[in-house]
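The lines below spell out each chain.
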Amino acid sequence: MQPTKPYRDFSEFLTQRFPFKVQKISINAGFTCPNRDGSKGRGGCTYCNNQSFSPGYGKPTKSISEQLADGISFFSHKYPEMKYLAYFQSYTNTYDNVEKLIEMYEEALAYPDVVGIIIGTRPDCMPDELLDYFAELNKKTFVLIEYGVESTLNKTLERVNRQHTWEESVEAITRTAEREVPVGVHLILGLPGETDEDILSHAVEISKLPLTTVKLHQLQIIRGTAMAKEFRLLPESFHLFGLEEYVDLCVDFAERLNPDFYIERFASQSPKSLLIAPDWGLKNYELTEKVKKRFKGKNTFQGKLHSHKNHYK
């Protein structure tokens, strides 16, 4: 039976958990990554310039409480009754001494009107001790762990210098879900060397996992990254999607996706000053509206082509 909405969106997920409006406040807590500091590699992921997804108010020169104050003042004028989720977004937000990490999370959760926490991290940076903490915390407040998996293909992960494998992603997601902590993944659609078939196979592979949310981004070439240099030297090794082509891809991807997952977003919007390509000239919500219309035009919906077989054990 066709659902009333073409896909399950993140706002639906939040509405089920909160009787009020909630807004994420991004925090830059000054972390690094194991493939930046030399423990696994140097230089970071080839596509990464952290400024491209950190809002202007999230500066690591400010404390966590100061960043929350800035973020809340930014949103509270419009919605005085709103509550907030502290979103540890920049770099790898579980990559430090566990006691120090917990202190940071607790500072955020103690801030007035903060009603939960979202942690963005890598699948190879989640010790059991920290997962046990999140499992206990999840009994008292809202917790969501978001793993940057980016691709299900090891050849791609190697090419973009992720310094972890798909198998490590599967293991981290499974360990997190086993503790009944909601878990999401972040995927980049269109990484170099991947065909449309490869990209659609990501939907099939992640659908076997015990996920709660999925966040999709189109590949963007960002100034100051290793990938920008690669793009300049070898543009033929990239396929950057046109707008309409990407909208179709999002619908095709969602058709193969587990219908129980919540789709948090279909695209990312980097600052114009940092973006080399593709520049579609659209805001995220405008692209989302296009995707919704495409679902309707094709008379299709999330999970239409999903098979419940072959789940990971």
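Quick note: structure is the one above.
What comes next is a walk through the structure. Not measured: the values here are computed from a predicted model.

1. So, the overall build of the protein chain
Part 1: Secondary structure assignment for the protein chain yields 10 helices and nine strands.
Part 2: Taking all 313 residues of the protein chain together, the buried fraction comes to 54%.
Part 3: Summing over all exposed atoms, the protein chain offers an accessible surface of approximately 14400 Å²; the carbon and sulfur share of this is 52%.

2. Remarks on the nonpolar core
Part 1: Ranked by internal contacts, the top residues of the largest apolar core, which has 68 residues, are Phe-88, Phe-134, Tyr-246 and Phe-253.
Part 2: Considering each element in turn, this core owes the most residues, eight residues, to helix α9 (residues 243-255).
Part 3: Counting 11 residues, the second-largest nonpolar core is a separate cluster that includes Phe-10, Leu-14, Val-22 and Ile-118.

3. Focus on the side chain of Gln-302
Part 1: With respect to the helices, strands and loops of the structure, Gln-302 is situated in the segment after α10 (284-298).
Part 2: Given the relative accessible area of 4%, Gln-302 is considered buried.
Part 3: For Gln-302, the side chain forms a polar contact with the main-chain oxygen of Phe-261, separated by 2.9 Å.
Part 4: Leave out the neighbours within four places in its chain, and Gln-302 touches Pro-6, Tyr-7, Arg-8, Ala-254, Glu-255, Leu-257, Asn-258, Pro-259, Asp-260, Phe-261, Ile-263 and Phe-295.

4. Focus on the sheet that holds strand β5 (residues 183-189)
Strands belonging to one sheet form pairs held by backbone hydrogen bonds; the direction of such a pair is parallel or antiparallel.
Part 1: Overall, parallel pairing links the seven strands, which are arranged β1-β2-β3-β4-β5-β6-β8 in an open sheet. Edge positions in the open sheet fall to β1 (22-27) and β8 (262-265), since each of these has one partner strand only. Each neighbouring strand pair of the sheet contributes to a mean axis angle of 25 degrees, computed without reference to strand direction.
Part 2: Bridge count for strand β2 (residues 83-88) against strand β3 (residues 114-121) is five bridges, and the pairing is parallel. Note that in β3 the partner of Leu-85 across the bridge is Gly-116.
Part 3: Set on the sheet, helix α1 (residues 10-17) makes contact with β1, β2, β4 (142-150), β6 (213-218) and β8; between it and β8 the angle comes to about 115 degrees.
Part 4: On top of the sheet, helix α6 (residues 166-178) reaches β4 and β5; it is set at about 170 degrees to β4, its chief contact.

5. Let's talk about the environment of Tyr-84
Part 1: Here Tyr-84 shows up in strand β2.
Part 2: Residue Tyr-84 is classed as buried on the basis of its relative accessible area, which comes to 1%.
Part 3: When the C-alpha atoms of Tyr-84 and Val-22 are compared, they prove to be 5.1 Å apart, with 62 residues separating the residues in sequence.
Part 4: Beyond its immediate stretch of four places on either side in the chain, Tyr-84 contacts Gln-23, Ile-25, Ile-72, Phe-75, Ser-76, Tyr-79, Asp-113, Val-114, Val-115 and Gly-116.

6. Quick word on the environment of Val-181
Part 1: Structurally, Val-181 can be placed in the loop between α6 and β5.
Part 2: The buried category is assigned to Val-181, whose relative accessible area is 3%.
Part 3: Separated by 47 residues in the primary sequence, Val-181 and Phe-134 place their C-alpha atoms 7.1 Å from one another.
Part 4: Among all residues touching Val-181, those that are not within four sequence positions of it are Phe-134, Ala-135, Asn-138, Val-143, Ile-145 and Thr-176.

7. Regarding the packing of aromatic side chains
Part 1: Per the stated rule, a full pass over the model turns up 15 aromatic pairs.
Part 2: Relative to Tyr-105, the ring of Phe-88 lies with its centre 5.3 Å away and its plane at 85 degrees, an arrangement referred to as edge-to-face. Residue Phe-88 is found in strand β2, and its partner Tyr-105 is found in helix α3 (residues 98-109); the two are separated by 17 residues along the sequence.
Part 3: Relative accessible area serves as the criterion here: at 0%, Phe-88 is assigned to the buried category.
Part 4: Cluster of aromatic residues (ring-pair linked, three or more members): Phe-10, Phe-13, Phe-18, Phe-20, Phe-142 and Tyr-262.
Part 5: Here Lys-21 stacks its cationic end above the ring of Tyr-79, 4.9 Å away from the centre of that ring.
Part 6: Against the face of Tyr-87 rests Lys-24, its NZ or CZ located 4.6 Å from the ring centre.

8. Some points on the packing of helix α2 (residues 64-76) against α3
Part 1: α3 packs onto α2 with a crossing angle of 35 degrees between their chain directions and a minimal axis gap of 9 Å. As α2 runs across α3, the sense of the crossing is right-handed. Each of Ile-64, Ser-65 and Leu-68 in α2 lies in contact with α3, whose residues at this interface are Met-104, Glu-107 and Ala-108.
Part 2: Residue composition of the contact of α2 with α3, by class: four nonpolar, one polar and one charged.

9. A look at empty space enclosed by the protein
Part 1: Under the definition given, this model contains one cavity of 30 Å³ or more.
Part 2: Empty space within the largest cavity amounts to approximately 30 Å³.
Part 3: Around the largest cavity, the lining residues are Gln-218, Leu-219, His-239, Leu-240, Phe-241, Pro-278 and Trp-280.
Part 4: Considering only residue class, the lining of the largest cavity consists of five nonpolar, two polar and no charged.

Reading the values: the criteria
- Each chain carries its own residue numbering, running from 1 in the written order of its sequence.
- Thresholds applied to this predicted model are a pLDDT of at least 70 for local features of residues and 80 or more for the giving and counting of side-chain atom pairs; totals over whole chains, interfaces and linings are not thresholded and use all residues.
- Remark: hydrogens and water are excluded; side-chain values derive from all non-hydrogen atoms of the structure.
- Helix and strand definitions here come from DSSP, where helices need a minimum of 4 consecutive H or I residues and strands a minimum of 2 consecutive E residues; each element is numbered from the N-terminal end.
- Relative accessibility decides the category of a residue: with a 1.4 Å probe and only protein chains considered, values under 20% of the type maximum give buried, values over 50% give exposed, and everything between is partly exposed.
- We get accessible surface area from the Shrake-Rupley algorithm with a probe of 1.4 Å; when it comes to residues, only the shown protein chains can shield them.
- What makes a nonpolar core is a set of buried Ala, Val, Leu, Ile, Met, Phe, Trp, Tyr and Cys residues whose side-chain atoms join them at distances within 4.5 Å.
- Any pair of N or O atoms that falls within 3.5 Å is considered a polar contact. Within protein, one atom must be able to donate a hydrogen and the other to accept it, and sequence-neighbouring residues count only if both atoms are side-chain atoms.
- Contacts are residue-level and defined by heavy atoms, with any inter-residue pair within 4.5 Å sufficient.
- If DSSP finds at least two bridges between two strands, the strands pair.
- What counts as an axis is a line fitted to C-alpha atoms, over the stretch in contact for a helix, and the angles between N-to-C directions run from 0 to 180 degrees.
- By convention, a stacked pair of Phe, Tyr or Trp rings (six-membered ring in the case of Trp) has centres within 6.5 Å and planes under 30 degrees apart, an edge-to-face pair has planes over 60 apart, and any other such pair is tilted.
- Cation placement over rings: the criterion is NZ of Lys or CZ of Arg within 6 Å of the ring centroid and within 35° of the ring normal.
- Throughout, a crossing is termed right-handed when the near helix is turned clockwise from the far one, and left-handed when it is turned anticlockwise from it by less than a right angle.
- The nonpolar class holds Ala, Val, Leu, Ile, Met, Phe, Trp, Tyr, Cys and Pro. Asp, Glu, Lys and Arg form the charged class, and all remaining residues, Gly among them, are polar.
- With a 1 Å grid spanning the protein atoms alone, the term cavity applies to any set of points in which a 1.4 Å probe fits but cannot get out, the term pocket to an open set with protein on both sides within 12 Å along at least five of seven lines, and the term lining residue to any residue with an atom within 4 Å of a point.
- Grid points are joined across faces, edges and corners, and a volume is the space filled by probe spheres set on the points.

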